[in-house]
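Per-entry structural report
In case you want the letters, here they are:
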Amino acid sequence: MNYISTRGKAPVLGFEDTMLAGLARDGGLYVPESVPQMTHDEIAALAGLPYEEVAYRIVAQFTDLPEDVLRGLIANAYAGFGHDARAPLKQLDSGLFLLELFHGPTLAFKDFAMQLIGQMFTEAMGRRGDRITIVGATSGDTGSAAIEAFRGLDNVDVFILYPHGRVSEVQRRQMTTPAEANVHAIAIDGDFDDCQAAVKAMFNDFDFRDSVGLTAVNSINWARVLAQVVYFFTSAVAVGAPHREVSFTVPTGNFGDIFAGYIAKCMGLPIDRLVVATNRNDILHRTLADGAHRKDGVEPTISPSMDIQVSSNFERALFDAYGRDGGAVRQLMAELSDNGGFTVSQGALETLREHFDSGRASEEETTATIRDTHARTGEILCPHSAVGVKVAREHLDPAVPMIALATAHPAKFPDAVEAAMGDRPALPNRMADLYDRPERVNRIANDLSDIQSFIRKNIAS
Ligand SMILES: *Cc1c(COP(=O)(O)O)cnc(C)c1O
């Protein structure tokens with residue numbers, strides 16, 4: 001399987017090099033040259049299979065790994081999940097279902113992708129006799145998922161920069177309590193943008209980049225999108241696909257998770273609507289409304305993992321909407337960085353609207369949805385999942401089941417949940433001792449050379 005860049009000027013790569021590269025050299029994102037198709041019968045045959053078997057049948061179509069190797073990596077990736085179904089589906093109401101994606105080791109859906117690429121990276125590096133250094137910035141969920149996925153693995157060192165004092169206590173402890181020597185959480189005296197700027201500067205320092213073998217596992221990595229395609233299939237067949245159509249509502253920030261749903265649709269899964277759900281940082285909702293993609297300041301909300309104005313994976317959707325014209329995408333992205341926005345052409349907007357709808361939830365609506373859903377069903381939603389359920393309810397069609405994605409466990413955001421319903425959600429038993437585990441904190445000034453020397457000193461040689 002070959003991958004091409006959305007900006008049309010980077011080399012065509014196979015799966016493994018695409019995964020190891022992360023971003024394409026022309027600044028674009030890699031997408032499959034053509035998306036594999038599944039027949040009605042092949043999709044019907046997925047019903048009732050274990051999650052790992054469905055994962056194998058989907059992921060194998062995009063990779064070049066031998067069957068036994070890929071099956072082993074998938075088995076390792078999901079063995080640590082706290083639910084045998086991995087991604088269990090619950091019914092909330094007539095025609096409305098909730099896909100619980102928070103049973104992984106760090107209680108957010110990012111574990112589905114990060115656990116698998118942790119396995120894939122370490123296998124590739126072992127085979128190549130090489131080692132890599134992963135550096136990333138996080139506002140909370142991505143960093144904890146990365147540290148958890150790579151802890152103790154061979155051939156990989158991981159350094160995650162987070163803004164000191166600005167992540168939740170659960171998120172911080174998930175990053176600072178793993179004791180393995182190859183993972184490091186770094187508290188930067190600065191905000192999330194400072195962390196991101198430091199990471200970017202390290203990638204632009206080619207000496208440093210080459211000498212430590214720098215790699216990124218942020219949400220633009222194709223392998224992460226791929227891992228997320230799987231649960232669109234498992235949940236859709238559970239409610240009757242491919243014999244009937246299904247719709248999804250996805251709480252969205254970087255457009256990664258919902259883009260995985262779009263790939264599932266391109267493969268032949270009969271998805272009617274893909275509904276983008278945003279909090280008040282609603283650039284994607286505004287774009288789908290009138291085509292104007294314009295950055296506004298980021299406002300902090302109770303669903304912080306969606307407090308984003310630069311939605312990187314949206315570029316992949318634009319690439320298809322513009323008929324896979326890399327030149328057109330290059331021009332849009334230049335306008336975005338020069339002028340803070342662009343207008344989607346009428347034709348491309350119509351193409352996007354064939355697949356995507358959108359909605360947004362205010363802070364009050366999010367809180368009310370947590371309260372009402374708990375009162376009506378007993379289900380406790382995290383604030384991100386509540387944004388999704390609120391928007392899903394507005395897009396219900398009696399003829400088509402709607403699946404809303406629950407992206408994090410409520411115990412990861414206890415303050416917002418407590419404010420909504422009066423009770424503090426408990427951590428699952430398997431991590432009930434999180435508050436007692438010793439923390440390892442590396443606090444570093446917002447200074448590039450300090451950060452780089454910490455990394456050089458701590459990589460295994
Ligand atoms: C990352 C994240 C999101 C947003 O996912 P995208 O792929 O960036 O759209 C939503 N909810 C939670 C809990 C997250 O961690």
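Here, the structure is the one placed above.
Residues numbered from 1 in each chain as written. Predicted model: local features only at pLDDT ≥ 70, side-chain atom pairs only at ≥ 80, totals over all residues. Heavy atoms only, no water.

With that settled, consider the overall build of the protein. Looking only at helices and strands, the protein has 19 helices and 15 strands in total. Over its C-alpha trace the protein gives a radius of gyration of 21 Å, about what one expects of a compact globule, namely 23 Å for 461 residues. Expressed as lengths along the three principal axes of its C-alpha atoms, the size of the protein is roughly 60 × 50 × 50 Å. Put simply, the protein has 461 residues, and 59% of those count as buried. Relative to all contacts within the protein whose residues are 6 or more apart in sequence, the contacts with residues 24 or more apart total 74%. Summed over its atoms, the accessible surface of the protein is roughly 17,400 Å², and 47% of this surface lies on carbon and sulfur atoms. Positive and negative side-chain charges in the protein, numbering 42 and 61 respectively, have mean positions lying 2 Å apart. (Helix = DSSP H or I, 4+ residues; strand = E, 2+ residues; numbered from the N terminus. Rg over C-alpha atoms; globule rule 2.2 N^0.38 Å. Buried < 20%, exposed > 50% of the residue type's maximum accessible area, 1.4 Å probe, protein only. Contact = heavy atoms within 4.5 Å. Areas by Shrake-Rupley, 256 points an atom, 1.4 Å probe, with all protein chains shown as cover. Lys, Arg positive; Asp, Glu negative; His and termini not counted. Charge placed at Lys NZ, Arg CZ, Asp CG, Glu CD.)

Let's shift gears to the nonpolar core. Of all hydrophobic cores here, the largest spans 110 residues; its most connected members are Ile58, Tyr231, Phe233 and Phe248. The leading source of residues in this core is helix H10 (residues 222-238), at 12 residues. Contact partners of Ile58, with chain neighbours within four places excluded, come to Met38, Leu46, Val229, Val230, Phe233 and Met267. (Core = buried A, V, L, I, M, F, W, Y, C linked by side-chain atoms within 4.5 Å.)

Around the ligand there are 15 residues in total, and Lys110, Asp141, Gly253, Asn254 and Thr407 lie nearest to it. A distance of 2.7 Å is found between an oxygen atom of the ligand and a backbone nitrogen or oxygen belonging to Asn254. Between the ligand and the protein, one listed contact pairs an oxygen atom with a backbone N or O atom of Gly256 at 3.3 Å. Relative to its unbound accessible surface of 380 Å², the ligand loses 96% to contact with the protein. In terms of residue class, the shell around the ligand is made up of 5 nonpolar, 7 polar and 3 charged. (Near = heavy atom within 4 Å. Polar contact = N/O pair within 3.5 Å; in protein donor to acceptor, adjacent residues only side chain to side chain. Nonpolar A, V, L, I, M, F, W, Y, C, P; charged D, E, K, R; others polar.)

With respect to the helices and strands, the residue Ser362 is situated in the loop between strand E13 (356-360) and helix H16 (363-377). Measuring from C-alpha to C-alpha, the distance between Ser362 and Ile302 comes to 9.9 Å, with 60 residues separating the pair along the chain. In this structure the side chain of Ser362 is engaged in a polar contact, spanning 3.3 Å, whose partner is the side chain of Glu364.

Where helix H13 (residues 314-321) contacts helix H14 (residues 326-339), the two axes come as close as 9 Å, and the packing angle between them is 135°. Here H14 runs oblique to H13, going by the angle between their axes. Where H13 crosses over H14, the two elements pack in a sense that is right-handed. Residues Glu315, Leu318 and Phe319 of H13 form the contact with H14, whose participating residues are Gly326, Val329, Leu332 and Met333. Its residues assigned to classes, the contact of H13 with H14 comprises 5 nonpolar, 1 polar and 1 charged. (Axes fitted to C-alpha atoms, helices over the stretch in contact; angles between N-to-C directions. Parallel < 35°, antiparallel > 145°, perpendicular 65-115°, else oblique. Left-handed = near helix turned anticlockwise from the far one by under 90°.)

Everything listed is a geometric property; what it means functionally is a separate question.
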